[in-house]
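Observations on chain architecture
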Amino acid sequence: MGSLGRRLGRGPAKYSAAALVWRGLRGGQWPRIWRDAELKRSYDAVIVGGGVHGLATAYYLARNHGIKDVAVLDKAYLGSGASGRNTAIVRANYLTPEGVAFYDRSLQLYNTMATDLNINVMFSERGHLTLAHNDSSLRTMHWRAEVNKLQGVDSSVIGPDEIKKVAPSLDTSSHPRYPILGALYHPPGGIVRHDAVVWGYARAADCMGVEMHQKTEVLDILCEGGDGTDGKGPGGRVVGVRTSRGDISTPVVVNCTAGWASLISAMAGVRLPITTHPLQAAVTEPVKVFLPTVVVSGSLHVYISQTDRGELVFGAAVDPVATYSIRGSLEFTEELAGHVLELMPGVSRMRLLRQWSGLCDMTPDYSPVMGFTGVDGFLVDVGWGTYGFKAAPVSGEQMAEAVATGRTPELIAPFALSRFDTGELVGEKGAAAVGH
Ligand code: PYC
């Protein structure tokens with residue numbers, strides 16, 4: 001294990017393998033993995049949202065562009081939003097060429113993340129099966145497979161016999177109400193330990209001088225020159241941020257929030273075409289590992305993976321109403337259990353241990369909104385629906401490039417906010433994990 005501290009020039013021995021073993025054996029005195037810095041009154045850039053997107057943006061600003069006078073602000077704790085609530089699935093088998101190229105770059109970055117950040121993110125490239133239960137979804141799977149292959153991404157449609165070999169616990173017989181007719185098989189897909197990604201980016205950014213400020217709520221974005229009230233809106237420029245701990249001056253604010261993306265953007269006078277819905281998930285008790293791949297069923301609105309510890313992790317579609325409430329519901333559990341048992345009757349005696357939910361910002365075309373806005377210095381990396389975790393590395397890399405160069409990188413150009421004016425949408429509904 002190389003020393004991140006040595007490479008990044010701070011605390012040389014702090015993260016070496018020898019130091020970790022020594023501390024483990026002595027049983028105590030673990031150092032903080034990021035500093036608790038004083039909040040300054042000015043920064044070169046402020047990032048709102050201390051989840052994987054905000055932290056990755058800060059990391060790449062410092063690492064790729066030498067921009068280190070950066071504050072990441074979060075009203076709660078790092079990873080407290082969608083970063084710590086998602087089901088940790090990664091894949092690049094999207095439907096549009098723009099989506100495939102973008103998520104493929106993210107998978108490449110996930111592949112080298114453990115070495116880049118010197119942390120075991122438990123990346124498990126175990127393959128990803130999207131089941132088709134009717135002719136129209138089978139047709140979409142073929143469509144996705146062809147788009148993927150053209151872009152060099154490994155995906156193909158397989159039939160029930162091969163599905164049975166990949167995931168023996170699935171009922172591939174003709175008995176179920178919705179028999180499995182085929183699947184899109186995507187070997188490079190898998191799962192990653194989401195908390196480790198948060199900690200890895202935070203630690204690495206901290207080592208380069210970025211500051212993370214938790215429990216620091218953004219109350220307003222301060223602008224000048226715009227045509228709205230308080231100098232906000234089109235034609236304006238960012239001059240600072242009002243926080244629960246005082247005002248900060250800065251020429252650049254990047255909105256990397258999920259759940260509150262439209263509220264934060266409205267503070268700069270920028271309107272987003274987003275509605276916010278909760279998404280519920282659940283986990284079982286651990287059992288011996290039997291599910292070697294990720295399984296998704298669009299028609300049954302469910303995705304399933306098994307952690308290395310043996311728990312089954314389940315997710316579903318977003319709740320049908322727009323709300324900021326993240327209460328769990330019995331309807332979700334009932335429906336989930338019914339659908340899972342239809343796919344895998346053998347798990348009927350497993351017990352659900354926990355369920356939780358998080359907020360998803362849905363856009364009309366099921367693609368994110370990234371890049372510059374009509375307000376100079378105000379950038380957005382938002383609208384991640386139910387697929388934000390898998391995009392964090394590439395989003396951070398590309399948003400950092402946009403901030404540093406003042407230009408929109410090619411990979412994120414299709415996701416500009418202006419597409420909702422021009423009508424050039426990037427329709428990814430057919431590849432959003434489950435039907436919405
Ligand atoms: O888009 O792969 C996906 C996904 C998994 C869980 C929620 N969305």
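Coordinates for the structure precede this section.
Worth saying up front: this structure is predicted, and the values here are computed from it rather than measured.

Attention now goes to the sheet that holds strand S11 (residues 246-249). With respect to topology, three strands assemble into an open sheet ordered S9-S10-S11, the strand pairing being antiparallel. Each edge of the open sheet carries a strand with a single partner, namely strand S9 (218-224) and S11. For this sheet, the mean inter-axis angle between neighbouring strands, taken without regard to orientation, is 25°. Where strand S10 (residues 237-243) meets S11, four bridges bridge the pair, whose relative direction is antiparallel. Bridge pairing in S11 places Arg-242 opposite Asp-247.

Once that is clear, we can look at the packing of aromatic side chains. One pass over the structure, following the stated rule, counts eight aromatic pairs. Between Tyr-94 and Tyr-103, the aromatic rings sit 3.9 Å apart at their centres with planes inclined by 5°, giving stacked as the arrangement. Residue classification places Tyr-94 among the buried residues on the basis of a relative accessible area of 1%. Tyr-103 gets classed as buried once you look at its relative accessible area, which sits at 3%. Between Phe-102 and Tyr-103, the ring centres sit 5.2 Å apart and the planes meet at 90°, which makes this aromatic pair edge-to-face. Each member of the pair, Phe-102 together with Tyr-103, is buried. Here the aromatic residues Tyr-94, Phe-102, Tyr-103, Trp-384 and Phe-415 are joined through ring pairs into a cluster of three or more.

Another aspect to go through is helix H10 (residues 392-405). The terminal C-alpha atoms of H10, which comprises 14 residues, lie 20 Å apart, in line with the 20 Å expected from a rise of 1.5 Å per residue. Along H10, 11 of the 14 residues are buried, which leaves the element largely enclosed by surrounding structure. The complete set of buried residues in H10 reads Ala-392, Pro-393, Val-394, Ser-395, Gly-396, Glu-397, Gln-398, Met-399, Ala-400, Ala-402 and Val-403. Buried positions along H10 lie against helix H3 (52-65), helix H4 (97-117), helix H7 (194-207), strand S12 (253-255), strand S18 (369-372) and strand S19 (378-382).

Below, the discussion takes up the layout of surface pockets. Here the second largest pocket is characterised by a volume of approximately 540 Å³. Going through the elements one at a time, H7, strand S16 (311-318) and strand S17 (352-362) are the ones with two or more residues in the lining of the second largest pocket. Residue composition of the lining of the second largest pocket, by class: seven nonpolar, six polar and seven charged.

Another aspect to go through is the site of the ligand. Close to the ligand lie Thr-87, Ile-89, Arg-91, Tyr-94, Tyr-303, Thr-386, Tyr-387, Lys-390 and Ala-433, which account for all nearby residues. Between the ligand and the protein, one listed contact pairs a nitrogen atom with a backbone N or O atom of Thr-386 at 2.5 Å. Between the ligand and Lys-390, the relevant distance is 3.1 Å, taken from an oxygen atom to a side-chain nitrogen or oxygen of the residue. Alone, the ligand offers 240 Å² of accessible surface; in the complex the protein occludes 96% of this. When grouped by side-chain class, the residues that make up the shell around the ligand number five nonpolar, two polar and two charged.

In this structure the tally under the stated criterion is zero disulfides. Not engaged in a disulfide, the cysteine Cys-256 finds its nearest cysteine sulfur in Cys-223; these two sulfurs lie 17 Å apart. Among the residues examined, Cys-256 registers a relative accessible area of 7% and is labelled buried.

On the secondary structure map, Trp-260 appears in the loop between S12 and helix H8 (261-266). For the pair Trp-260 and Gly-27, spaced 233 residues apart in sequence, the C-alpha separation works out to 40 Å. Each residue touching Trp-260, except ones within four places of it in the same chain, is listed here: Lys-75, Tyr-324, Leu-359 and Asp-361.

Turning next to the packing of H4 against H7. Their axes nearest at 10 Å, the elements H4 and H7 cross at an angle of 45°. As far as their axial angle goes, H7 and H4 are oblique. Crossing geometry of H4 relative to H7 is assigned as left-handed. Together, Tyr-110, Met-113 and Leu-117 of H4 and Val-197, Gly-200, Tyr-201, Arg-203 and Ala-204 of H7 make up the contact between the two elements. Class assignment of the residues belonging to the contact of H4 with H7 gives a composition of six nonpolar, one polar and one charged.

This next bit is on the environment of Arg-327. Along the polypeptide, Arg-327 turns up in the loop between S16 and helix H9 (330-343). By relative accessible area, which is 71% here, Arg-327 ends up exposed. Put simply, Arg-327 and Ala-402 are 75 residues apart on the chain and 37 Å apart in space, counted from C-alpha to C-alpha. Here Arg-327 is in contact with Gln-280 and Ser-357, once residues within four sequence places are set aside.

What follows concerns the side chain of His-128. Counting through the fold element by element, His-128 comes out in strand S4 (residues 128-132). The buried category is assigned to His-128, whose relative accessible area is 2%. Ignoring anything within four residues of it in the chain, the contact list for His-128 reads Ile-89, Arg-91, Asn-93, Leu-184, Tyr-185, His-186, Gly-189, Thr-293, Val-294 and Val-296.

Definitions and limits used
- Residues numbered from 1 in each chain as written.
- Predicted model: local features only at pLDDT ≥ 70, side-chain atom pairs only at ≥ 80, totals over all residues.
- Heavy atoms only, no water.
- Pairing = 2+ DSSP bridges.
- Helix = DSSP H or I, 4+ residues; strand = E, 2+ residues; numbered from the N terminus.
- Axes fitted to C-alpha atoms, helices over the stretch in contact; angles between N-to-C directions.
- Phe/Tyr/Trp six-rings, centres within 6.5 Å; stacked < 30°, edge-to-face > 60°.
- Buried < 20%, exposed > 50% of the residue type's maximum accessible area, 1.4 Å probe, protein only.
- Expected span 1.5 Å × (residues − 1).
- Contact = heavy atoms within 4.5 Å.
- 1 Å grid on protein atoms, 1.4 Å probe; cavity = no way out; pocket = protein on both sides within 12 Å on 5 of 7 lines; lining within 4 Å.
- Points joined across faces, edges and corners; volume = space filled by probe spheres on them.
- Nonpolar A, V, L, I, M, F, W, Y, C, P; charged D, E, K, R; others polar.
- Near = heavy atom within 4 Å.
- Polar contact = N/O pair within 3.5 Å; in protein donor to acceptor, adjacent residues only side chain to side chain.
- Areas by Shrake-Rupley, 256 points an atom, 1.4 Å probe, with all protein chains shown as cover.
- Disulfide = S-S within 2.5 Å.
- Parallel < 35°, antiparallel > 145°, perpendicular 65-115°, else oblique.
- Left-handed = near helix turned anticlockwise from the far one by under 90°.

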